[in-house]
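# Observations on the model geometry
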Amino acid sequence: MLKIVKTTAYTDMKMGTAGLRKKSKVVLQENYLENFVQSVFDAIGGVKGLTFILGGDGRYYNKIAIQKIIKMSAANGMKKVIVGQNGFISTPASSHVLLMNKADGGFVLSASHNPGGINGDFGIKYAVASGGQCPTAVSDKIYEISKTITEYKTLDVSDVDLSRLGTQKLDNMEIEVIDPVKDYVDMMEHIFDFEALKKLFAGGFTMVFDAMNAVTGPYARRIFEEILGAPEGSVLNYVPLEDFGGLHPDPNLIYAKSLVDLMYSDKAPDFGAANDGDGDRNMILGKKFFVTPSDSLAILTDNYKLIPAYKNGIYGVAKSAATSTAVGRVAEALNIGYYEVPTGWKYFCNLMDSNRITFCGEESFGTGSSHIREKDGIWAVLFWLSIIAATGKSVQEITEEHWKKYGRSYYMRNDYEALDVETANQLMADLEARLPQLAGQTFGSYKVAEAKPFVYNDPVDGSSTKNGLIVYFTDKSRIVYRLSGTGTNGATLRVYLERYETENLNEDVAQTLESLADVSRQIGEITKRTGKTKADVLT
Ligand code: G1P
Ligand code: ZN
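Calculation notes
Residues numbered from 1 in each chain as written. Chains lettered and ligands numbered in written order. Predicted model: local features only at pLDDT ≥ 70, side-chain atom pairs only at ≥ 80, totals over all residues. Heavy atoms only, no water. Helix = DSSP H or I, 4+ residues; strand = E, 2+ residues; numbered from the N terminus. Rg over C-alpha atoms; globule rule 2.2 N^0.38 Å. Contact = heavy atoms within 4.5 Å. Areas by Shrake-Rupley, 256 points an atom, 1.4 Å probe, with all protein chains shown as cover. Lys, Arg positive; Asp, Glu negative; His and termini not counted. Charge placed at Lys NZ, Arg CZ, Asp CG, Glu CD. Buried < 20%, exposed > 50% of the residue type's maximum accessible area, 1.4 Å probe, protein only. Pairing = 2+ DSSP bridges. Expected span 1.5 Å × (residues − 1). Bend = angle between axes of the 7 residues up to and from the residue. Axes fitted to C-alpha atoms, helices over the stretch in contact; angles between N-to-C directions. Donors = N, O, S within 2.8 Å, 3.2 Å for Na, K, Ca; no water. Tetrahedral: all angles 85-135°; square planar, octahedral: opposite > 155°, others 65-115°. Near = heavy atom within 4 Å. Polar contact = N/O pair within 3.5 Å; in protein donor to acceptor, adjacent residues only side chain to side chain. Nonpolar A, V, L, I, M, F, W, Y, C, P; charged D, E, K, R; others polar. Parallel < 35°, antiparallel > 145°, perpendicular 65-115°, else oblique. Left-handed = near helix turned anticlockwise from the far one by under 90°. Phe/Tyr/Trp six-rings, centres within 6.5 Å; stacked < 30°, edge-to-face > 60°. Lys NZ or Arg CZ within 6 Å of the ring centre and 35° of its normal.

Each helix and strand counted, the chain has 17 helices and 25 strands in total. For the chain, the C-alpha radius of gyration of 23 Å lies close to 24 Å, the compact-globule estimate for 539 residues. Projected onto the principal axes, the alpha-carbon positions of the chain cover approximately 70 × 60 × 40 Å. Within the chain, residue pairs in contact and separated by at least 24 positions form 72% of the contacts whose partners lie at least 6 positions apart. Carbon and sulfur atoms provide 48% of the accessible area of the chain, an area that totals close to 20,500 Å². Looking at the chain, you have 58 positive and 66 negative side-chain charges, and the mean spots of the two groups are 2 Å apart.

Here the focus is the pairing of strand β10 (residues 207–210). The alternating pattern of β10 places Met 207 and Phe 209 and Val 208 and Asp 210 on opposite faces, both of which are buried. Two elements, β10 and strand β12 (residues 271–275), share four bridges in a ladder whose sense is parallel. Bridge pairing in β12 places Met 207 opposite Phe 271. Sheet analysis places β10 next to strand β11 (residues 235–236), joined by two bridges and oriented parallel. Within β11, the position partnered with Phe 209 by the bridge is Val 235.

Before going further, it helps to spend a moment on helix α15 (residues 421–438). The end-to-end C-alpha distance of α15, which contains 18 residues, comes to 25 Å, matching closely the 26 Å that a straight helix rising 1.5 Å per residue would cover. The largest bend along α15 reaches roughly 30 degrees and is located at Glu 432, with the proline Pro 436 sitting one to four residues downstream. Once α15 ends, the next one or two residues include Gly 440, with phi positive near 90 degrees.

Here the focus is the sheet that holds β11. Spatial ordering of the open sheet is given by β11-β10-β12-β13-β14, a layout of five strands whose pairing is mixed. Two strands in the sheet have a free side with no partner beyond their single neighbour: β11 and β14 (289–291). Contacting β10, β12, β13 (282–286) and β14, helix α13 (residues 377–391) crosses the sheet at an angle of about 165 degrees to β12.

This next bit is on the coordination of the zinc ion (ligand 2). The protein atoms that coordinate the zinc ion (ligand 2) are Ser 112 (OG), Asp 276 (OD), Asp 278 (OD) and Asp 280 (OD), at distances spanning 2.0 to 2.1 Å. What the four donor atoms of the zinc ion (ligand 2) show is an angle range of 87 to 157 degrees at the metal, which sorts the shape as irregular. Ordering the donors of the zinc ion (ligand 2) by residue number gives the pattern S-x163-D-x1-D-x1-D. Asp 278 shares its class with Asp 276; the two are buried.

The next point concerns the site of ligand 1. Around ligand 1 sit 15 residues in total, of which Thr 17, Ser 364, Ser 484, Thr 486 and Arg 494 are the nearest. A distance of 2.6 Å separates an oxygen atom of ligand 1 from a polar side-chain atom of Ser 364. Protein coverage of the free-state accessible area of ligand 1, which is 380 Å², stands at 99%. Residues belonging to the shell around ligand 1 are distributed by class as follows: one nonpolar, seven polar and seven charged.

To continue, consider the packing of helix α7 (residues 194–202) against α13. Look at α7 against α13: their axes get within 9 Å of each other, and the N-to-C directions meet at 70 degrees. In terms of their interaxial angle, α7 and α13 are classed as roughly perpendicular. Crossing geometry of α7 relative to α13 is assigned as left-handed. Here α7 contributes Phe 194, Ala 196, Leu 197, Leu 200 and Phe 201 to the contact with α13, which in turn contributes Leu 382, Leu 385, Ser 386, Ile 388 and Ala 389. Class assignment of the residues belonging to the contact of α7 with α13 gives a composition of nine nonpolar, one polar and no charged.

Another point: the packing of aromatic side chains. As enumerated under the stated definition, the model contains 22 aromatic pairs in all. When the ring of Phe 52 is compared with that of Phe 107, the centres are 5.6 Å apart and the planes differ by 45 degrees; the resulting orientation is tilted. Highlighted residues: Phe 52 in strand β3 (residues 51–56) and Phe 107 in strand β5 (residues 105–109), separated in sequence by 55 residues. For the pair Phe 52 and Phe 107, one class covers both residues: buried. An aromatic cluster is defined as three or more aromatic residues linked by ring pairs; in this entry it consists of Phe 192, Tyr 310, Phe 359, Trp 379 and Phe 383. In this structure, Lys 147 is placed above the aromatic ring of Tyr 143, and the distance from its NZ or CZ to the ring centre is 4.2 Å. Looking at Arg 221, its charged tip hangs above the ring of Tyr 238, at a distance of 3.8 Å from the centre.

Pairing is mixed in the open sheet, where four strands are placed in the order β16-β15-β17-β18. Each having just a single partner strand, β16 (337–341) and β18 (366–369) make up the two edges of the open sheet. Across the sheet, the mean angle separating the axes of adjacent strands is 15 degrees when strand polarity is ignored. As judged from the four bridges shared by strand β17 (residues 359–362) and β18, these two strands associate in the antiparallel manner. Its bridge partner being in β18, Gly 361 is matched across the sheet by Thr 367. The strands touched by helix α11 (residues 326–334) are β15 (316–320) and β16; relative to β16, the strand with the most contacts, the crossing angle is about 160 degrees. Packing against the sheet, α13 makes contact with β17 and β18, and its axis sits at approximately 80 degrees to β18.

Let's shift gears to the side chain of Ser 296. With respect to the secondary-structure elements, Ser 296 resides in helix α10 (residues 293–302). Classification of Ser 296 as buried rests on a relative accessible area of 2%. In contact with Ser 296, other than residues within four places in its own chain, are Ile 284, Val 291 and Trp 384.

And the structure:
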């Protein structure tokens with residue numbers, strides 16, 4: 001039954017911000033997935049006797065890839081695989097199941113918020129025993145091995161039935177098929193006060209959750225409708241589809257358009273939220289009101305005492321450098337630790353493992369806490385609902401009161417997409433070289449205080465990572481430039497704009513940041529080098 005297959009190496013298996021992410025058609029190439037999986041197994045010294053968690057967001061190729069990985073795991077001597085029923089599991093649930101079972105690693109098959117289908121994207125996130133995605137040293141090793149791999153091991157057997165819950169054997173390996181929702185729901189019940197949330201809905205509170213035809217549908221139906229008592233129909237697009245029904249499962253103002261339209265209409269419920277393909281991102285909306293993820297992190301942190309799991313205190317908080325500084329002001333007021341890390345959730349994990357932080361978040365609609373080692377979309381929604389239940393205030397009131405207390409960071413991300421890779425790399429390299437000359441220069445009403453690359457020195461493992469370039473202005477405004485590490489189509493330049501205001505708190509965001517956006521194009525020579533006079537996507 002054991003089959004050793006000769007294979008030819010590929011040279012493009014370098015993991016990005018969150019695992020290996022490729023066009024589906026790239027992953028469909030002969031032995032592509034197998035090469036990657038065997039490279040992971042080899043990089044960690046083999047998987048004999050180990051236990052792995054396995055599942056995915058249900059996108060195109062999920063089912064086939066899971067079967068391949070199961071057979072390869074057995075052929076490589078793995079002891080046990082814990083698989084989500086029918087191959088489904090959300091990224092946060094997978095991290096939880098991994099930690100709960102003290103497993104040695106796990107794969108989540110997902111390209112997160114990128115579209116699915118044969119013309120969309122596919123991806124594999126590889127998590128290690130800590131529950132988070134593998135550190136760079138490990139992904140570098142996998143990449144090296146993948147470039148010279150010559151064979152992989154698998155079993156010549158028929159597919160395993162993943163619809164039946166319970167345990168079965170494949171060769172000497174145990175396969176346990178689990179309900180991917182149950183353990184996750186138990187965990188949420190331990191963090192939040194579900195009785196208070198039931199009362200909120202019993203009192204007529206209305207919400208809509210858009211699962212975007214992706215993995216969170218079953219989780220959201222179970223939690224919001226069945227347990228908490230939100231009326232049936234509160235969860236939209238809840239059946240996970242291989243191509244997400246053509247949706248781009250990225251919960252932001254652009255791609256969650258039908259939800260946004262509803263929330264800005266006169267029929268808006270009290271609360272609106274969406275999650276991404278694999279359930280780790282979230283977007284929060286009130287009636288005709290949008291909360292930026294940067295503000296959301298600040299508001300959750302400021303309200304930690306309202307949640308049973310955190311009421312005795314939190315360690316600290318971290319954000320990616322590109323995320324607005326709003327949470328920094330809360331950390332200062334609460335007198336808790338505050339860290340700025342590179343983009344990518346993996347950088348938070350050491351801080352959580354060492355009890356330096358409890359909460360963390362990114363501007364890219366990611367928020368989470370140390371209950372797992374991934375961001376967690378439904379957790380963020382439950383946190384917001386809990387604040388509403390405890391205060392009796394609306395999303396808008398909560399946010400506006402926050403601005404009054406701390407001031408407001410007007411914030412926006414500008415993405416310049418599908419750039420020529422060479423042009424984008426050169427733009428960043430040349431900008432970095434020009435940074436030292438920028439200090440003291442004036443652009444319109446903005447004067448540069450300092451400009452430097454963002455360098456993170458991890459206080460736990462001592463590693464040093466450079467990610468992005470930051471221009472600081474004398475009025476506390478900032479521009480951050482970096483190239484995306486998750487795109488699959490040329491290069492994407494991300495430019496993050498932030499302007500701090502203590503008085504004009506209710507202005508239009510785009511207008512407030514318009515001149516800073518011009519300055520960002522000027523400083524980065526964006527129009528000159530790419531021909532683009534404005535960004536392709538504004539979030
Ligand atoms: C993007 C986001 C980043 C997030 C990552 C994975 O990465 O910007 O915050 O951690 O997706 O969800 P990027 O494409 O910018 O490298
Ligand atoms: Zn995701």
